[in-house]
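Understanding the architecture of this molecule
The residues making up each chain are set out below.
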Amino acid sequence: MTLYEIGRQYLEALEGMEIDPETGEIIGGEAVARLNGQFDEKCEAVGCYIKELNARAAAIKAEQEGLQKRRKALEAKAERLREYLADWMSAAGKDRLETPRAALSWRKSSAVVVDNIEALPEVCRKVKIEADKTMIRKLIQLGDHLEGARLEETRSLQIK
């Protein structure tokens, strides 16, 4: 039975409970108790599955970080070798080198170099504006009212 089904039946059993006016006995309580146990077991199973998924995701992230470090090291080594090769080809006056396994040649390109951003016209500058959420939180917690920002209380399920 799914958590949804157990939850629905649990709510129905709660609504169906009655109290005998003569004896004060609760009628239908055994169904609520049985479903409560099933609900708890199902919640526990889902919580454990979430923990397993998070553990697997963490393992993948750790592997990804290791691979990323290795990739960056290889890219850096390739770039150093590219500069080394370019220096020697330039020093030897070689504009082109072609073999069955590799073709090396120079290509012209251009790059924009900004020496003084303040001297540029405003149309050539980008300004990224973002909220300082840490400062906003501190100010609101100190009692300041900030137009355009507020603290919103939320709940998040913790699984340990």
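Residues numbered from 1 in each chain as written. Predicted model: local features only at pLDDT ≥ 70, side-chain atom pairs only at ≥ 80, totals over all residues. Heavy atoms only, no water.

**Structural notes on the overall build of the chain**
Of regular secondary structure, the chain possesses three helices and four strands. Taken from the N to the C terminus, the helices and strands of the chain come in the order α-β-β-α-β-β-α. Relative to the compact-globule value of 15 Å for 160 residues, the chain shows a C-alpha radius of gyration of 33 Å, a clear excess of over 25%. Over its C-alpha atoms, taken along the principal directions, the chain stretches across nearly 110 × 55 × 25 Å. Residues counted as buried form 6% of the 160 residues belonging to the chain. Sequence separation of at least 24 residues holds for 29% of the intrachain contacts in the chain that already meet a minimum separation of 6. For the chain, the exposed surface amounts to about 15,100 Å²; the carbon and sulfur share of it is 54%. (Helix = DSSP H or I, 4+ residues; strand = E, 2+ residues; numbered from the N terminus. Rg over C-alpha atoms; globule rule 2.2 N^0.38 Å. Buried < 20%, exposed > 50% of the residue type's maximum accessible area, 1.4 Å probe, protein only. Contact = heavy atoms within 4.5 Å. Areas by Shrake-Rupley, 256 points an atom, 1.4 Å probe, with all protein chains shown as cover.)

**Quick notes on the layout of surface pockets**
Its boundaries defined by the atoms lining it, the largest pocket holds a volume of some 270 Å³. Residue lining of the largest pocket: Leu81, Arg82, Leu85, Ala86, Met89, Ala103, Leu104, Ser105, Trp106 and Arg107, and that is the complete set. Mapped by element, the contributors of at least two residues to the lining of the largest pocket are α2 (29-91) and β4 (103-105). Among the elements that make up the lining of the largest pocket, the one with the highest residue count is α2 (five residues). Tallied by class, the residues present in the lining of the largest pocket amount to seven nonpolar, one polar and two charged. (1 Å grid on protein atoms, 1.4 Å probe; cavity = no way out; pocket = protein on both sides within 12 Å on 5 of 7 lines; lining within 4 Å. Points joined across faces, edges and corners; volume = space filled by probe spheres on them. Nonpolar A, V, L, I, M, F, W, Y, C, P; charged D, E, K, R; others polar.)

**Side note on the packing of helix α1 (residues 3-16) against α2**
In a pair of packed helices, the angle between the axes and the distance between the axes together describe the arrangement. Following both chains from N to C, one finds α1 and α2 inclined at 155 degrees, their axes separated by 9 Å at the closest point. Our classification of the angle between α1 and α2 gives roughly antiparallel. Classified by chirality, the crossing of α2 by α1 is left-handed. Contacts between α1 and α2 involve Leu3, Ile6, Gly7, Gln9, Tyr10, Ala13 and Leu14 from the former and Ala31, Val32, Leu35, Asn36, Gln38, Phe39, Lys42 and Cys43 from the latter. (Axes fitted to C-alpha atoms, helices over the stretch in contact; angles between N-to-C directions. Parallel < 35°, antiparallel > 145°, perpendicular 65-115°, else oblique. Left-handed = near helix turned anticlockwise from the far one by under 90°.)

**Focus: the state of the cysteines**
Every disulfide links exactly two cysteines, by a covalent bond between their sulfur atoms. With the rule as written, the count across this model stands at zero disulfides. Take Cys43: it sits in no disulfide, and the sulfur closest to it among the cysteines is that of Cys48, at 11 Å. Taking the relative accessible area as the measure of exposure, Cys48 reaches 43% and is therefore partly exposed. (Disulfide = S-S within 2.5 Å.)

**Here's the deal with α1**
The end-to-end C-alpha distance of α1, which contains 14 residues, comes to 20 Å, matching closely the 20 Å that a straight helix rising 1.5 Å per residue would cover. Where the residues of α1 are buried, they touch α2. (Expected span 1.5 Å × (residues − 1).)

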